[in-house]
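# Structural features, examined
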Amino acid sequence: MNSAPSPHDGGTPLAPTRPLLARTVAELRTLSARLLEEGAVGGTPRRLALVPTMGALHEGHGHLVRAARAANDVVVVSVFVNPLQFDDPADYDRYPRTLDADLELLDDAGADIVFAPEESEVYPDGPPLVRLSSGKLGEKFEGASRPGHFDGMLAVVAQLLHHAGPPPLAPVPVEYSAYFGQKDAQQLAIVRRMVADLAYPVRIHAVPIVRSPEGLALSSRNRFLSPEQAEAALVLSRALFLLRDRAQAHEPLMVDDAEALIASQPLVDLDYLEVVDPDTLEPLAFNCRETPFTGTALVLVAARVGNVRLIDNMPLGDS
Ligand code: AMP
């Protein structure tokens, strides 16, 4: 277990040890209010950031937290494996839980507070009755193969944004941001849309994908790949880089070539490769085949390698 001090340690001043561990919403709010107050200068707004994660952290998450650290005064990272976004209970059960290692990585990345609640803290009355719907944005791509995934994701992100936001009695004005990885492009588009549609007072920031030196997008699921499968999975990023290079040269994307490249790898079972509008995720038929590439787009790809489902993507143009 982590040695981070509990906020109930008799009101002693906050120890220099970071990150501080909050197990309940009340602890999170107490710690956040104290850190926002510490170091406040006059009425200058304090910058507060949330980085939601499911733990099993790797350098991709580390990068996300560093981006938040660089631009904010107080950085909260949530670590919660949300059962509502798993359509397959076996997938939920085997999702890696590595809190001790996560706390070390988060200490290194400069997180101030780690909010790691039990399920009973997040869903005290069991699964929530009232749900958010991700609408048609959540039905395609990942949503098509994981029904309910994005609605379940929204259930927790909506709550986390609320819990980690400016405490009700914040002693100073607060500017609130949340950081999401471009890695989960569909999730990012849906969260942006939720924040806009429901007028959440938070700024959403996207952080580029962190890859292995060979090009594999870092993912908590990569640990389930054998060395041979990890090597085979590189074909996904190669296909994306091929399309990126063509887009940069304003050449026709010829998406079929990228599909053929992936199909040439027998260990990789392609689910989809699609060029879409980055906000609406609607396919961009005109931009992906013979006509020279212009404008902005996003290529989404998903595949199965053995038992592991991998997703990756590549923004094209200025997107
Ligand atoms: P997860 O815990 O895997 O659901 O991810 C938590 C956050 O980290 C999400 O916003 C992800 O998009 C982001 N993330 C995961 N992998 C990467 C990566 N390789 N590069 C950048 N961000 C990532």
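For the structure, check the block above.
## Considerations on the site of the ligand
Around the ligand sit 17 residues in total, of which Met54, Gly181, Asp184, Val210 and Leu218 are the nearest. Asp184 places a side-chain nitrogen or oxygen 2.6 Å from an oxygen atom of the ligand. With respect to the ligand, the backbone of Leu218 contributes an N or O atom lying 2.8 Å from a nitrogen atom. Against a free-state accessible area of 480 Å², the protein chains account for coverage of 93% of the ligand. The set of elements that each furnish at least two residues to the shell around the ligand consists of strand E2 (46–53), helix H2 (59–71) and strand E5 (174–181). Top contributing element to the shell around the ligand by residue count: H2, with three residues.

## Here's the deal with the packing of helix H9 (residues 227–248) against helix H10 (residues 255–263)
When two helices pack together, their arrangement is captured by the angle between the axes and the distance separating the axes. Two elements in contact, H9 and H10, have axes whose closest approach is 9 Å; the angle formed by their N-to-C orientations is 165°. Considering the angle they form, H9 stands roughly antiparallel to H10. The crossing of H9 and H10 is right-handed. Here Val235, Leu236, Arg238, Ala239, Leu242, Leu243 and Arg246 of H9 come into contact with H10, specifically with Val255, Asp257, Ala258, Leu261 and Ile262.

## Examining the pattern of salt bridges
Throughout the structure, instances matching the rule amount to 14 salt bridges. Here Arg221 makes a salt bridge to Asp91, at a shortest N to O gap of 3.1 Å. Placement of Arg221 in the loop between strand E6 (203–207) and H9 and of Asp91 in helix H3 (residues 89–94) is noted, with a sequence separation of 130 residues between them. Classification of Arg221 as buried rests on a relative accessible area of 16%. You can call Asp91 buried: its relative accessible area is 12%. Through salt bridges with shared partners, a single ionic network connects Arg46, Arg47 and Asp73.

## Some thoughts on the nonpolar core
In this structure, Val76, Val157, Leu161 and Ile204 are the most contacted members of the largest nonpolar core, which totals 49 residues. Examining the composition of this core, we find that nine residues originate from one element, helix H7 (residues 149–163), more than from any other. Each of domain 1 (20–207) and domain 2 (220–314) accounts for three or more of the residues forming this core. With residues up to four places along the chain from it excluded, the contact list for Val157 reads Phe180, Val191 and Met194. Core analysis: the second largest hydrophobic core is formed by 29 residues, Leu216, Leu243, Val305 and Leu316 among them.

## Remarks on the sheet that holds strand E7 (residues 268–276)
Ordered in space as E7-E8-E9, the three strands form an open sheet in which the pairing is antiparallel. Since the sheet does not close on itself, it has two edges, and those belong to E7 and strand E9 (308–316), each with one partner. Adjacent strand axes in the sheet meet at a mean angle of 15°, parallel and antiparallel pairs treated alike. Bridging between strand E8 (residues 297–305) and E9 involves nine bridges; their strand directions are antiparallel. Within E9, the residue paired with Leu298 across the bridge is Pro315. Sheet strands touched by H9: E7, E8 and E9. Its angle to E9, the strand with the most contacts, is close to 15°.

## Structural notes on helix H8 (residues 185–197)
Between its terminal C-alpha atoms H8 stretches 18 Å, which fits the 18 Å expected from 13 residues at 1.5 Å a residue. Looking at H8, one finds that the buried residues are Ala185, Gln186, Gln187, Leu188, Ala189, Ile190, Val191, Met194 and Val195. In this fold, the buried residues of H8 make contact with helix H6 (142–145), H7, E5, E6, E8 and E9. Of the residues one or two after H8, Ala199 is the one with positive phi, at around 55°.

## Observations regarding the sheet that holds E5
Spatially, six strands are ordered E1-E4-E3-E2-E5-E6 in an open sheet, and the strand pairing comes out parallel. Edge positions in the sheet fall to strand E1 (20–22) and E6, since each has one partner strand and no second. Averaged over all pairs of adjacent strands, the angle between their axes in this sheet comes to 25°, without regard to strand direction. Where strand E3 (residues 74–79) lies against strand E4 (residues 113–115), three bridges are found, and the strand directions are parallel. Of the residues in E4, the one forming a bridge with Val76 is Ile113. Most of the contacts of H7 go to E5, to which it runs at about 150°, and overall it touches E2, E3, E4 and E5. Sitting on the sheet, H8 is in contact with E5 and E6, with an inclination near 170° to E6.

## Quick look at the environment of Glu175
Position of Glu175 relative to the elements: it lies in strand E5. Using a relative accessible area of 44% as the deciding quantity, one classes Glu175 as partly exposed. Along the sequence, Glu175 and Val202 sit 27 residues apart, while their C-alpha atoms lie 7.8 Å from each other. If we ignore the near neighbours within four places in the chain, the residues touching Glu175 are Pro45, Arg46, Arg47 and Leu48.

Conventions used here
- Residues numbered from 1 in each chain as written.
- Predicted model: local features only at pLDDT ≥ 70, side-chain atom pairs only at ≥ 80, totals over all residues.
- Heavy atoms only, no water.
- Near = heavy atom within 4 Å.
- Polar contact = N/O pair within 3.5 Å; in protein donor to acceptor, adjacent residues only side chain to side chain.
- Areas by Shrake-Rupley, 256 points an atom, 1.4 Å probe, with all protein chains shown as cover.
- Helix = DSSP H or I, 4+ residues; strand = E, 2+ residues; numbered from the N terminus.
- Axes fitted to C-alpha atoms, helices over the stretch in contact; angles between N-to-C directions.
- Parallel < 35°, antiparallel > 145°, perpendicular 65-115°, else oblique.
- Left-handed = near helix turned anticlockwise from the far one by under 90°.
- Contact = heavy atoms within 4.5 Å.
- Salt bridge = Lys/Arg side-chain N within 4 Å of Asp/Glu carboxyl O.
- Buried < 20%, exposed > 50% of the residue type's maximum accessible area, 1.4 Å probe, protein only.
- Core = buried A, V, L, I, M, F, W, Y, C linked by side-chain atoms within 4.5 Å.
- Domains from an automatic or database assignment.
- Pairing = 2+ DSSP bridges.
- Expected span 1.5 Å × (residues − 1).

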